[in-house]
Every structure is written in structure tokens, then in C-alpha cells.
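Results of the structural survey
One-letter residues, chain by chain:
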Amino acid sequence: MLAIILPLMLSAVDLGEHFAKSEAWTESAVDFTVEHQGDGFGFASQKRDIVNCMGRGKCTWHGLDVWEARIYYGAEGATRVEMSLYNRGDDRDPDGMNAAELKKLLDEIASKAQPGGKIGSNPEKKKLRNGGFQLAKKWNKGDCNVDLAWGVNGAKAKDLTADYVRVTMSPKGASKPKTASRPGGIVSKTKAKANVKKNAEGDV
């Protein structure tokens, strides 16, 4: 019996399955945090309107490891869920994620975003000043709206390496997430530490 119960106790919350239920979007930030504190969720703002979870695999999205999650709340419940499914700055593999691995991950995300979902051949594409590219795709025929954004470096497709892969969920009928296709929002732990500065008294 213990062998059956233990995996259930250790299983991380799946945000894809959780927010597939309409009532999950009307749950308060406090209720969600109390329920999933054991999964690593905690408040990220003094107003208690942002909840986050840092650490690869502490939560998942339709079975895929989430590296960091951030849930934004308004007066009527959750307004959007931002998830990092890959971040080069936090990758311990010095080679990072190559083109084949990126394609596999993107195809998995598309298939889980909505029935029959695909990346297709024409995602939104924007060239960045550093020579890389930012791409985006969205789906709205699943349980909720799903926006995907990813960044790559490399001149040729076979030489591409991934910088980040982010998925944002929002409830049906919601306007387009403000940070769905921008580099802002969730940042790597490495960049977060680099942004912290102290004055002479040691205060941040």
C-alpha cells in the first residue's frame, strides 16, 4: 500500500490539467498557494497577487517539466499563468538545447495546447538586435488560451540553439497576455542574481 501512496504524495501539480478546469481560474491566490505550498508555490509580491514556483520539475504542464512558473491574480481570480519550459541561463548542460531537441519540445507543446495543435511553418518571427530571433505561436481551441514564445540563436536552422521557451495560459475570453511574446516576465536565476545590487549599508 505504501508503494502506491508514496508516488501520489510526491507528484507535482500539473498546471495544464489544473487550469483546464474553469473553476481553477476563479480560485483566489491565497487558496491556491495554501493548497500547493508543498509543491514550492509562494507569494512573489507584497500585494499577494503574484504566486511563483522556482525549480525545474517542481510543477509540470501536461507532463512537461516547468522550470519556473508565475501566476498573476486579479479581483476575480487568476488572469494568466506564465511558465518557463526552458531557459539557457539555468541549463547545466554547457551545450544547451540544440535544434532537434527544440523542435521536439515545441511539437510536444503544440500537441498539448489544443487537439491537433501544430507549430506550422509560419510562426510570428522577429529579429533581435543581438542577431537572434524571437518567435511566437498561439492557440485558442483548447481548454484555455495558450501563447508560446521562444528565442533562438544561430544563422542556419541546423545550427540553432534555444535561448528560452515560455508558455502562457489565460482563461477563455481573456485579452492577449501582455508578456506572452516579450523577453520580459520570467527571468533565469542567473540573470536575477545579476540584477541584485547592494548599497554601502548592504541594503538591496
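Structural data are supplied above this passage.
Cut-off values and rules
Residues numbered from 1 in each chain as written. Predicted model: local features only at pLDDT ≥ 70, side-chain atom pairs only at ≥ 80, totals over all residues. Heavy atoms only, no water. Helix = DSSP H or I, 4+ residues; strand = E, 2+ residues; numbered from the N terminus. Buried < 20%, exposed > 50% of the residue type's maximum accessible area, 1.4 Å probe, protein only. Contact = heavy atoms within 4.5 Å. Areas by Shrake-Rupley, 256 points an atom, 1.4 Å probe, with all protein chains shown as cover. Core = buried A, V, L, I, M, F, W, Y, C linked by side-chain atoms within 4.5 Å. Salt bridge = Lys/Arg side-chain N within 4 Å of Asp/Glu carboxyl O. Polar contact = N/O pair within 3.5 Å; in protein donor to acceptor, adjacent residues only side chain to side chain. Patch = residues over 30% accessible without salt bridge, like charges linked within 9 Å, V, L, I, M, F, W, Y side chains within 5 Å. Phe/Tyr/Trp six-rings, centres within 6.5 Å; stacked < 30°, edge-to-face > 60°. Pairing = 2+ DSSP bridges. Expected span 1.5 Å × (residues − 1). Arc of directions from axis to C-beta.

1. Some remarks on the overall build of the protein
- Looking only at helices and strands, the protein has 5 helices and 9 strands in total.
- Starting at the N terminus and walking to the C terminus, you meet the elements of the protein as α-β-α-α-β-β-β-β-α-β-β-β-β-α.
- Here the protein holds 204 residues, and 42% of them are scored as buried.
- Considering only contacts within the protein whose residues lie at least 6 apart along the sequence, 48% involve residues at least 24 apart.
- Total accessible area computed for the protein in this model is approximately 12100 Å², and 52% of it derives from carbon and sulfur atoms.

2. Section: the nonpolar core
- In this structure, Leu15, Phe19, Phe41, Trp61, Met83, Val165 and Met169 are the most contacted members of the largest nonpolar core, which totals 42 residues.
- For this core, the secondary structure elements donating two or more residues are helix H3 (29-36), strand S3 (50-61), strand S4 (64-74), strand S5 (77-87), helix H4 (99-113), strand S7 (133-139), strand S8 (145-153) and strand S9 (161-170).
- Contact partners of valine 165, with chain neighbours within four places excluded, come to Met83, Ser84, Leu85, Tyr86, Leu102, Leu105, Leu106, Ile109, Leu148, Ala149 and Trp150.

3. Some words on the environment of arginine 48
- If you trace the backbone, arginine 48 turns up in the loop between strand S2 (42-43) and S3.
- For arginine 48, a relative accessible area of 49% corresponds to the partly exposed category.
- Put simply, arginine 48 and valine 30 are 18 residues apart on the chain and 7.6 Å apart in space, counted from C-alpha to C-alpha.
- Filtering out sequence-adjacent residues up to four positions away, arginine 48 remains in contact with Ala29, Val30 and Phe43.

4. Notes on the pattern of salt bridges
- Enumeration over the complete set of coordinates arrives at 4 salt bridges.
- For the salt bridge of glutamate 82 with arginine 80, the shortest nitrogen-to-oxygen distance reads 3.0 Å.

5. Observations concerning the environment of threonine 60
- Within the fold, threonine 60 resides in strand S3.
- With near-sequence residues (within four places) excluded, threonine 60 lies in contact with Val13, Asp14, Leu15, Gly16, Asp65 and Val66.
- Within the structure, threonine 60 has its side chain in polar contact with the side chain of aspartate 14 (distance 3.2 Å).

6. With respect to a nonpolar patch on the surface
- Together, Val30, Val34 and Phe43 line one region of the surface with nonpolar side chains, adding up to about 240 Å² of accessible area.
- Note that phenylalanine 43 resides in strand S2.
- When its relative accessible area of 30% is taken as the criterion, phenylalanine 43 is described as partly exposed.

7. Describing the packing of aromatic side chains
- Tallying each qualifying case throughout the model produces 4 aromatic pairs.
- Ring geometry for phenylalanine 19 versus tryptophan 25: centroids 4.7 Å apart, planes at 55°, classification tilted.
- For phenylalanine 19, a relative accessible area of 0% translates into the label buried.
- In this structure tryptophan 25 comes out as buried when scored by relative accessible area, which is 7%.
- Ring geometry for phenylalanine 19 against phenylalanine 32: centres 6.2 Å apart, planes inclined by 35°, an arrangement best described as tilted. With a gap of 13 residues between them, phenylalanine 19 in the loop between helix H2 (15-18) and H3 and phenylalanine 32 in helix H3 connect regions that are remote in the sequence.

8. Overview of the pairing of S3
- Strand direction decides the pairing type here: strand S1 (residues 13-14) and S3, joined by 2 bridges, are parallel. Following the sheet pairing, aspartate 14 is matched in S3 by threonine 60.
- Sheet analysis places S2 next to S3, joined by 2 bridges and oriented antiparallel. Counted as the bridge partner of glycine 42 is asparagine 52 from S3.
- Hairpin remark: S2 followed by S3, antiparallel, with 6 residues in the connecting loop; positive phi at arginine 48, about 60°.

9. Structural notes on H4
- Over its 15 residues, H4 extends 21 Å from the first C-alpha to the last, a length consistent with the 21 Å expected when each residue adds 1.5 Å.
- Taken together, the buried positions of H4 are Leu102, Leu105, Leu106, Ile109, Ala110 and Ala113. Looking straight down H4, one finds that the buried residues subtend no more than 135° of arc, so they occupy a single side. When the buried face of H4 is taken as reference, the exposed residues oriented beyond 90 degrees from it are Ala100, Lys103 and Lys104.
- Turning to H4, the residues buried within the fold contact S3, S4, S5, S7, S8 and S9.
- N-capping of H4 is provided by asparagine 98, with a side-chain oxygen placed 3.2 Å from the backbone N of alanine 100.

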